[in-house]
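# Geometric and topological summary
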Amino acid sequence: MSLVTLSNVTVAHNANPVLRNVNFAISPGEIVTVVGPNGSGKSTLLRTIIGALRPSQGSLNKAADLRIGYVPQKLHIDPTLPLTVRRFLSLPVAVHDEAAKRALEQAGAGQLMQRQMTGLSGGQFQRVLLARALLCNPQLLILDEATQGLDQPGSAAFYQQIEKLRQELGCAILMVSHELHVVMAASDRVICLNGHICCEGAPEQVASAPEYRALFGSGTQGALALYRHEHTHSHDHSCGHDHAHDPQPAKETESQ
């Protein structure tokens, strides 16, 4: 059973469609990456799934009592505000020390409990945001360009932590990013979005699809291949089908 299902969903801003006729579903334990150029509707898709936006047409169905953890692109904190990581994790709802410690350890930030938020590096800050998203023990973890501003090694380390979380917690992961060569390599399925779903499938299939190459250029496929060649950590596919080695071709879902 899918955690979230969108059927023929259209979302409009000021009567202008941003997403058109989108059909999408994500299953437990699946890692799905959404890629697309600026203005393609990636953040709109995430906000619709979270419930911040409502479809103009179509339907959105979620599993009963679905727990969603969300990691935003960025979060501004006043640099003059004295705020420790521990205190940040208890805003706006207090959490016990044990829960805060467990979430930080799951996010790879167990040593940061008493650090000031304003003194964290970019990578440390994003791991604390990830820890906050993990406090609800999510069934679906959503990341909206969560490594924006990090260098490539920092991004790769962050997404390796995400994949580890999938293995340990069994949660589904839906993420948006421009870092195609890093993110797509960890994905079971990739969706190429440009107002509608241009194509979707396993990473290698999407990287070679004409619709994807028209948006991002042919050079991105070489970057992806290089990363996969060096991608040595193991995948746990016990939660379901191994999409990364699915022989089915990428499918095209043009809007009407």
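Residues numbered from 1 in each chain as written. Predicted model: local features only at pLDDT ≥ 70, side-chain atom pairs only at ≥ 80, totals over all residues. Heavy atoms only, no water.

### Some points on the side chain of Glu200
Note that Glu200 resides in strand β9 (residues 197–201). Relative accessible area serves as the criterion here: at 9%, Glu200 is assigned to the buried category. (Helix = DSSP H or I, 4+ residues; strand = E, 2+ residues; numbered from the N terminus. Buried < 20%, exposed > 50% of the residue type's maximum accessible area, 1.4 Å probe, protein only.)

### Brief notes about the nonpolar core
Judged by nonpolar contacts, the single largest core of 33 residues is most densely connected at Met117, Val128, Leu130, Leu141, Leu143 and Ile162. If you tally residues by element for this core, the top one is helix α4 (residues 122–134), at 7 residues. Discounting chain neighbours no more than four positions away, the residues touching Leu130 are Val71, Ala107, Leu141, Phe158, Gln161, Ile162 and Leu165. Counting residues in each nonpolar core, the second largest holds 24 residues, with Val11, Ile26, Ile49 and Ala172 among its members. (Core = buried A, V, L, I, M, F, W, Y, C linked by side-chain atoms within 4.5 Å. Contact = heavy atoms within 4.5 Å.)

### Here we look at the sheet that holds strand β7 (residues 172–176)
With mixed pairing, 6 strands are arranged side by side in an open sheet as β5-β6-β7-β3-β8-β9. Both outer strands of the open sheet, β5 (68–71) and β9, are each paired with one neighbouring strand and no more. Each strand axis lies, on average, 15 degrees off the axis of its neighbour in the sheet, ignoring direction. Where strand β3 (residues 31–35) and β7 come together, 4 bridges link them in parallel fashion. Paired with Ile31 across the bridge in β7 is Ile173. Seen against the sheet, α4 touches β5 and β6 (140–144) and runs at an angle of roughly 165 degrees to β5. (Pairing = 2+ DSSP bridges. Axes fitted to C-alpha atoms, helices over the stretch in contact; angles between N-to-C directions.)

### A short note on the environment of Pro203
Inspection of the secondary structure puts Pro203 in helix α7 (residues 203–207). C-alpha separation for the pair Pro203 and Ala186, spaced 17 residues apart in sequence, amounts to 8.7 Å.

### Some thoughts on helix α5 (residues 152–169)
With 18 residues, α5 should reach 26 Å at 1.5 Å per residue; the first-to-last C-alpha distance of 26 Å fits that figure. By the burial criterion, the buried members of α5 are Ser155, Ala156, Phe158, Tyr159, Gln161, Ile162, Glu163, Leu165 and Arg166. With a side-chain oxygen lying 2.8 Å from the backbone nitrogen of Gly154, the N-terminal cap of α5 falls on Asp151. (Expected span 1.5 Å × (residues − 1). Polar contact = N/O pair within 3.5 Å; in protein donor to acceptor, adjacent residues only side chain to side chain.)

### Describing the packing of aromatic side chains
In this structure the tally under the stated criterion is 1 aromatic pair. Between Phe158 and Tyr159, the ring centres sit 5.6 Å apart and the planes meet at 85 degrees, which makes this aromatic pair edge-to-face. Phe158 sits in the buried class, given a relative accessible area of 1%. (Phe/Tyr/Trp six-rings, centres within 6.5 Å; stacked < 30°, edge-to-face > 60°.)

Everything listed here is a matter of geometry and, on its own, says nothing about what the molecule does.
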